[in-house]
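# Close look at the chain arrangement
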Amino acid sequence: MEAIVRAVDVGRGNTKFIAGVKNGELSCEMFPSQAHPTEAVSEYEGWGMKRRTVGIPVGGLVYEVGPDVQLAADIFNANVLQHDRYCDAPEYLALLLGALHHMQLDRIDLLVIGLPVATYKLKRQVAALERRLTGEHELGKGRKIAVRRAKAIAQPAGALMYYGMMQNRVAQLRKERSLIVDPGRRTFDWLVTQGMQQIDKRSHSVPRGMHDVLHMIVEGISRATDSHYREYELIDAALRTGKKPVVFQREYDLARHLPLARKIPEQAVAEMMHYVGDAGDIKNIILVGGGAFFYKPALKAAFPHHTIHEVKEPIFANVKGFQYAGSELAKTLCVVKSSVFQDSDHE
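What counts, and where the lines are drawn
- Residues numbered from 1 in each chain as written.
- Predicted model: local features only at pLDDT ≥ 70, side-chain atom pairs only at ≥ 80, totals over all residues.
- Heavy atoms only, no water.
- 1 Å grid on protein atoms, 1.4 Å probe; cavity = no way out; pocket = protein on both sides within 12 Å on 5 of 7 lines; lining within 4 Å.
- Points joined across faces, edges and corners; volume = space filled by probe spheres on them.
- Helix = DSSP H or I, 4+ residues; strand = E, 2+ residues; numbered from the N terminus.
- Buried < 20%, exposed > 50% of the residue type's maximum accessible area, 1.4 Å probe, protein only.
- Arc of directions from axis to C-beta.
- Pairing = 2+ DSSP bridges.
- Axes fitted to C-alpha atoms, helices over the stretch in contact; angles between N-to-C directions.
- Core = buried A, V, L, I, M, F, W, Y, C linked by side-chain atoms within 4.5 Å.
- Contact = heavy atoms within 4.5 Å.

Of the volumes computed, that of the second largest pocket is approximately 550 Å³. Surrounding the second largest pocket, 22 residues form its lining, Ile153, Ala157, Met196, Gln197 and Ala325 being those nearest its centre. Of all the secondary structure elements, the ones that give two or more residues to the lining of the second largest pocket are strand E13 (150-154), helix H4 (155-167), strand E15 (188-194), strand E16 (197-198) and helix H11 (317-332). Examining the composition of the lining of the second largest pocket, we find that five residues originate from one element, H11, more than from any other.

Those residues of helix H10 (residues 292-302) that sit buried are Ala292, Phe294, Tyr295, Ala298, Leu299 and Ala302. Down the axis of H10, the smallest arc covering the buried residues is 150 degrees, so these residues share one side. Opposite the buried face of H10, at more than 90 degrees from it, the exposed residues are Pro297 and Ala301.

Two strands in a sheet stick together by hydrogen bonds in their backbones, pointing the same way (parallel) or opposite ways (antiparallel). Overall, antiparallel pairing links the three strands, which are arranged E4-E8-E7 in an open sheet. The outermost strands of the open sheet, each flanked by one partner alone, are strand E4 (36-38) and strand E7 (54-58). On average, each strand axis in the sheet is tilted by 35 degrees relative to the strand beside it, whichever way the strands run. Sheet topology note: the E4/strand E8 (residues 61-65) ladder contains three bridges and is antiparallel. Each residue of the ladder has a partner; that of Thr38, found in E8, is Val62.

The subject of this paragraph is the pairing of E8. Counting buried positions along E8 gives four out of five residues, so the element sits mostly inside the fold. In textbook terms, the turn of a hairpin is the stretch between consecutive antiparallel strands, and for E7 and E8 this stretch comprises two residues, one of which, Gly59, has a positive phi near 60 degrees.

With that settled, the discussion passes to the nonpolar core. Among the nonpolar cores identified, the biggest contains 64 residues, and Val8, Tyr92, Leu96, Leu100, Leu111 and Leu115 are the most heavily contacted of them. Among the elements that take part in this core, helix H1 (residues 90-103) stands out by supplying nine residues, more than any other. If we ignore the near neighbours within four places in the chain, the residues touching Leu96 are Val8, Val10, Leu111, Ile113 and Leu133. Grouped together as the second largest cluster of nonpolar side chains are 39 residues, Val206, Ala268, Tyr295 and Phe303 included.

See below:
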C-alpha cells in the first residue's frame, strides 16, 4: 500500500493545498485564510446554491472556512493570523483542517506544512506544531482524519524544490547557492541555501507583504474620496489584471497611488540586502509567491547582474514543492514497508 502524502500551506492571505495526485500530476486548490467562529454553522442557501464552506470544530467553537467564507464575514473582521505566533491560533488549525476536509481522505501518512522563515527558526514552536497536527482530528459533519506524521518546512524551501523539479535541475541545485524570494500576503520571506540546506544567518522574513501594498493604496483612496474605503480584494484583483476598479460606481485610476505603494517592495528588498549583500556568490535567484508580480521590479533593480527566475503559478510553488519533498521523505522512511508513521516518536 502506497503512503499517502499531502501538503498544505496556510498563508496569511490564502490557504493552499494539494487536493489530489493522479499519475504524478498535482491538483491544487485554495481558499481565503479566514476562519469565522460561531456556535454552529447553518446550511446557508441563496438562489438554490449552498455556501461553499464547512464548519470545523476547534476548542469548543465551530469555525466556518472555505471558498465562500467571505459571505460569513461581519463588518469587523480581525485577521488573527497576522502575529508572529499565528500557527498557535485555533483559526490556523481550523484552516488547515478545512484543507484536509477538501482532500476527501480518512488518513494521511505524512502531512507537510509550510511556515514563514522567521517562524521556522523557532524550533520549539515548530516541534510543538508538528505534535499538534499529529493524531486524529474532527473535520465536521461527522468526518475524521488521522494524521500519522507531520513535518514543517520553511515556505521558500518548497519553492526551491518545485523549481528544481520543473527545470529538471534538482541535481545541479544541490551543488549551487540559491536565493528564494517569497513575497506573501503579510510577510516578505527570503531563504538562502547551499544546495538544499538553509543558511540561517542569511535567511529571514519582514512584515512587508502584499497586504501593506494594498493598505497603502486603500488609504490613498480613502483620502481621495473622503471615505473609509476598505475593499482590499478588489484592489488586489485590479493590480493583477490591470483593470481599473469601480469605486463609488465609477472607474478609479490607481496610478496616483502606485509610486507610494511601490515603496513597500523597495523597503522589503532593502532589508533583505542587509542579509544577502549584492548576491555575488548566489547562482540562482528564484521569485515565487502571490506578490511576485508586484515585487519583481524592486528585486531586479537591486540585483541588476542576475536573472530573476520565476515559475508558473507562483502562488502554488511552495505547496507543490512541499508535496515533492514529502514524497521523497516518505521513501527514505520506508513507509510502504513499515509502520514508521504509526510507531515512531515525533521529532
